[in-house]
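Residue strings, one per chain:
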There are 2 protein chains.
Amino acid sequence: MPDATIARLPQYLRCLSQLENTGAQTVHSADLAGHVGVSGAVVRRDLSYVGSYGTRGVGYPVAQLRQKVITALGLATEHRLVVVGIGHMGRALAGYSGFAERELRVVGLFDIDPDLIGTKIGEASTGMVEIQPLTDLAAFVADHEVRIGVIATPAASAQAVADLLTSAGVTSILNLSATHLAVPEGVVVRPVDLATEIQILAVHAAQQEVR
Amino acid sequence: MPDATIARLPQYLRCLSQLENTGAQTVHSADLAGHVGVSGAVVRRDLSYVGSYGTRGVGYPVAQLRQKVITALGLATEHRLVVVGIGHMGRALAGYSGFAERELRVVGLFDIDPDLIGTKIGEASTGMVEIQPLTDLAAFVADHEVRIGVIATPAASAQAVADLLTSAGVTSILNLSATHLAVPEGVVVRPVDLATEIQILAVHAAQQEVR
DNA sequence: AACTGTGAAGTGGTTCACAGCA
DNA sequence: TGCTGTGAACCACTTCACAGTT
């Protein structure tokens, strides 16, 4: 299943949940497409990956489809993750309420700054988490069988953190640190750099200016 | 020029700047490739977009190449941007020191919360910026000819903010709000949703678990 | 008649592999 | 000999278009 499809499934899911609440029985690919901002063809292709069983001439059964998407996304089980580097970005993640509905649970927060250790952050409803010293990271990850780590540290410490995470058993890393990370075979890293995203926009804007 | 290439150019640039400081005259595609984590072929292809003039058998002249990359990225002129929605994410952006070296300048911060209005945030070195009420957004964008906007509001208000931005002249939007935005023709939106990124990692991790 | 499911074509980007040049 | 520049193959995803099904 393409990453692009995985990225769209949660959006379909949100629509499907709303539809189920309103009591709708079926939904057309075009309806979902409209809400998510893609074409009907994309929706049908995406749903074919989750093992779709719509009815030609009718549409998709809302409830069953919703269940299919839920299992495809692995929302049956909770996914534990740790966040390393509790600056503004780390805080934003720790307090992000959107994680709950995706069964993503921030179970550990880590930072090297002694002043931060012991502080509890996050939403009271979704559970506060205490910031722990970086030295406890490896043991914590191993003990709690965490497989997902977020690196929100400055670039200089990112590689060291990645080494810690991977050696402790993390297989998936979200890298917010704007550096390339070297990781062992089998570990998947997704880099996200907001400065780069804006840079791309700036180049587009500059081109538009010329035209 | 592909977006993927634009995204890599700043990374090459960082290497080139370092190399220039160390006094290196030339650099091989393989050297840059190693630092950025791609193949030499990608580097050469990318550099061909910026109008490369390396020497076969020798490599690229560091100083000239650096200049070429700088102009390709439009770093000659400063790009002004506004951030709407000053939660943790908005704060992270406002205070992000990496913007300076890319000539990205946060000139306006906006929020709807009256308690935040007037607060100044950002790094003292790169310039503090005061949070203004959302009602002043359109006028500010038009007056200061801002072309780039970042939406870091909750999903519910994102579309309204996008409408405000585009009608005031913004042509490029970074959408951190996890919703699809409908915008006029010609406006480019880049969606970034950290929850979705982690979701993709979670699906990969789950698959790995099974294997 | 209406809408799904999917081959087939198209698109954007990466990789290969090698000719071209110092 | 060594490294660049690039056509051509390749791959992943999107779009088209239409046959298939109720």
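Computed from a predicted structure; not experimentally measured.

Chemist: Sorry if this is basic, but what is going on with the packing of aromatic side chains here?
Modeler: Ring pairs (aromatic) are described by centroid distance and by the angle formed between their planes. According to the stated counting rule, one finds 4 aromatic pairs over all chains in the structure shown. Geometrically, the ring pair formed by A:Tyr96 and A:Phe99 is edge-to-face, given 5.2 Å between the ring centres and 85 degrees between the ring planes. With relative accessibility at 4%, the residue A:Phe99 sits in the buried group. For the ring pair B:Phe110 and B:Phe140, a centre distance of 5.4 Å and an interplane angle of 70 degrees mean the geometry is edge-to-face. Linking B:Phe110 in strand β4 (residues 104-111) with B:Phe140 in helix α6 (residues 137-143), this pair joins segments that are 30 residues apart in sequence. B:Phe140 sits in the buried class, given a relative accessible area of 11%.

Chemist: Explanation requested: the relation of the copies chain A and chain B in the structure shown.
Modeler: Turning one copy of the chain about an axis and sliding it along that axis gives the other copy, so a rotation and a shift relate them. Mapping chain A onto chain B is achieved by rotating through 180 degrees and translating by 0.0 Å along the same axis, at an RMSD of 0.1 Å. Here the transformation between the copies is reduced to the relation of a two-fold axis. When the interface residues of chain A are mapped onto chain B, 98% of them again fall at the interface, so both copies present the same face.

Chemist: Quick question: what am I supposed to make of the sheet that holds strand β5 (residues 120-121) of chain B here?
Modeler: Read across the sheet, 7 strands follow the order β5-β6-β4-β3-β7-β8-β9 (chain B) without closing on themselves; strand pairing throughout is mixed. Each edge of the open sheet carries a strand with a single partner, namely β5 and β9 (188-191) of chain B. Of the strand pairs in this sheet, β4(B) and strand β6 (residues 129-133) of chain B are connected by 3 bridges, and their pairing is parallel. Across the sheet, the residue bridging to B:Leu109 is B:Ile131, located in β6(B). Contacts between helix α8 (residues 194-210) of chain A and the sheet are confined to β3 (79-84), β4, β7 (148-151), β8 (172-175) and β9 of chain B, with β8(B) contributing the most and set at about 160 degrees to the helix. In the packing of helix α7 (residues 155-168) of chain B onto the sheet, the strands contacted are β3, β7 and β8 of chain B, and the crossing angle to β7(B) comes to about 170 degrees.

Chemist: Please clarify how the protein's contact with DNA strand C should be interpreted in this entry.
Modeler: Taken together, 24 residues lie around DNA strand C, and A:Ser29, A:Arg45, A:Gly54, A:Tyr60 and B:Arg56 are the ones closest in. By atom count, sugar and phosphate contribute 61% of the portion of DNA strand C lying within 4 Å of the protein. The side chain of A:Arg44 places a nitrogen or oxygen atom 2.9 Å from a base nitrogen of DNA strand C. Measuring from a base oxygen of DNA strand C, one finds a side-chain N or O atom of B:Arg45 at 2.8 Å. Looking at the surface near DNA strand C, the elements that each hand over two or more residues are α3 (40-49) of chain A together with α1 (3-22) and α3 (40-49) of chain B. The residue makeup of the surface near DNA strand C, split by class, is 7 nonpolar, 9 polar and 8 charged.

Chemist: Explain the sheet that holds strand β4 (residues 104-111) of chain A to me, please; I cannot follow it from the model alone.
Modeler: All names here are of chain A. Reading across from one edge, β5-β6-β4-β3-β7-β8-β9 is the order of the 7 strands in this open sheet, with mixed pairing throughout. The sheet is open, and its two edges are formed by β5 (120-121) and β9 (188-191), each paired on a single side. Here strand β3 (residues 79-84) runs beside β4; their pairing, made up of 6 bridges, is parallel. In the sheet register, Arg80 faces β4, and the bridge partner there is Arg105. Contacts between helix α7 (residues 155-168) and the sheet are confined to β3, β7 (148-151) and β8 (172-175), with β7 contributing the most and set at about 170 degrees to the helix.

Chemist: When you look at the domain arrangement of chain A in this model, what are you seeing that I'm missing?
Modeler: By a frequent convention, interface size equals the accessible area lost on bringing the separate parts together. If you check the domain split of chain A, you get domain 1 (3-72) and domain 2 (79-196). Domain 1 of chain A and domain 2 of chain A are separated by 32 Å when their C-alpha centres are compared.

Chemist: Got a minute to help me understand the side chain of A:Asp46 in this structure?
Modeler: All names here are of chain A. One can find Asp46 in helix α3. At a separation of 2.6 Å, a polar atom in the side chain of Asp46 contacts the side chain of Arg8. Sequence-distant contacts of Asp46, defined by excluding residues within four places in its chain, comprise Thr5, Arg8 and Tyr12.

Chemist: What am I meant to see in the protein's contact with DNA strand D here?
Modeler: Surveying the vicinity of DNA strand D reveals 24 residues, the closest of which are A:Arg45, B:Ser29, B:Arg45, B:Gly54 and B:Tyr60. The sugar-phosphate backbone supplies 59% of the atoms of DNA strand D found within 4 Å of the protein. Between DNA strand D and A:Arg56 there is a distance of 3.2 Å, counted from a base nitrogen to a side-chain nitrogen or oxygen. Residue B:Arg45 places a side-chain N or O atom 2.7 Å away from a base oxygen belonging to DNA strand D. Breaking the surface near DNA strand D down by element, the ones donating at least two residues are α1 (3-22) and α3 of chain A together with α3 of chain B. Of the residues assigned to the surface near DNA strand D, the class counts are 7 nonpolar, 9 polar and 8 charged.

Chemist: Looking at this structure, how should I read the packing of helix α2 (residues 29-36) of chain B against α3(B)?
Modeler: Helix-helix packing is characterised by the crossing angle of the two axes and by the distance between the axes. Residues and elements named next belong to chain B. For the pair α2 and α3, the least separation of the axes is 8 Å and the interaxial angle reads 110 degrees. Relative to α3, the element α2 lies roughly perpendicular. Mapping the contact onto sequence places Ser29, Leu32 and Ala33 in α2 and Gly40, Val43, Arg44 and Leu47 in α3. Partitioned by chemical class, the residues of the contact of α2 with α3 number 4 nonpolar, 2 polar and 1 charged.

Chemist: Just checking my understanding: could you explain the interface of chain A and chain B for this structure?
Modeler: Contacts between the two partners involve 53 residues from chain A and, on the opposite side, 52 residues from chain B. Both sides of the chain A and chain B interface together cover about 4800 Å² of buried area, and 68% of this is carbon and sulfur. Taken as a group, A:Ile198, A:Gln199 and A:Leu201 account for 14% of the area that chain A buries against chain B, more than any other trio of residues on that side. Run the count over chain A and chain B and you get 4 salt bridges. Of the charged contacts, one joins B:Arg102 and A:Asp193 as a salt bridge, the two residues approaching to 3.4 Å between their closest N and O atoms. Taken together, the elements giving at least two residues each to the side of chain A that touches chain B come down to α1, α2 (29-36), β3, α5 (88-94), β7, β8, β9 and α8 of chain A. The element best represented in the side of chain A that touches chain B is α8(A), accounting for 15 residues. For the side of chain A that touches chain B, the class distribution of residues is 31 nonpolar, 13 polar and 9 charged.

What counts, and at which threshold
- Residues numbered from 1 in each chain as written.
- Chains lettered and ligands numbered in written order.
- Predicted model: local features only at pLDDT ≥ 70, side-chain atom pairs only at ≥ 80, totals over all residues.
- Heavy atoms only, no water.
- Phe/Tyr/Trp six-rings, centres within 6.5 Å; stacked < 30°, edge-to-face > 60°.
- Buried < 20%, exposed > 50% of the residue type's maximum accessible area, 1.4 Å probe, protein only.
- Helix = DSSP H or I, 4+ residues; strand = E, 2+ residues; numbered from the N terminus.
- Least-squares fit on C-alpha atoms with pLDDT ≥ 70 in both.
- Contact = heavy atoms within 4.5 Å.
- Pairing = 2+ DSSP bridges.
- Axes fitted to C-alpha atoms, helices over the stretch in contact; angles between N-to-C directions.
- Near = heavy atom within 4 Å.
- Polar contact = N/O pair within 3.5 Å; in protein donor to acceptor, adjacent residues only side chain to side chain.
- Nonpolar A, V, L, I, M, F, W, Y, C, P; charged D, E, K, R; others polar.
- Domains from an automatic or database assignment.
- Parallel < 35°, antiparallel > 145°, perpendicular 65-115°, else oblique.
- Buried area = accessible area lost by both parts, 1.4 Å probe.
- Salt bridge = Lys/Arg side-chain N within 4 Å of Asp/Glu carboxyl O.

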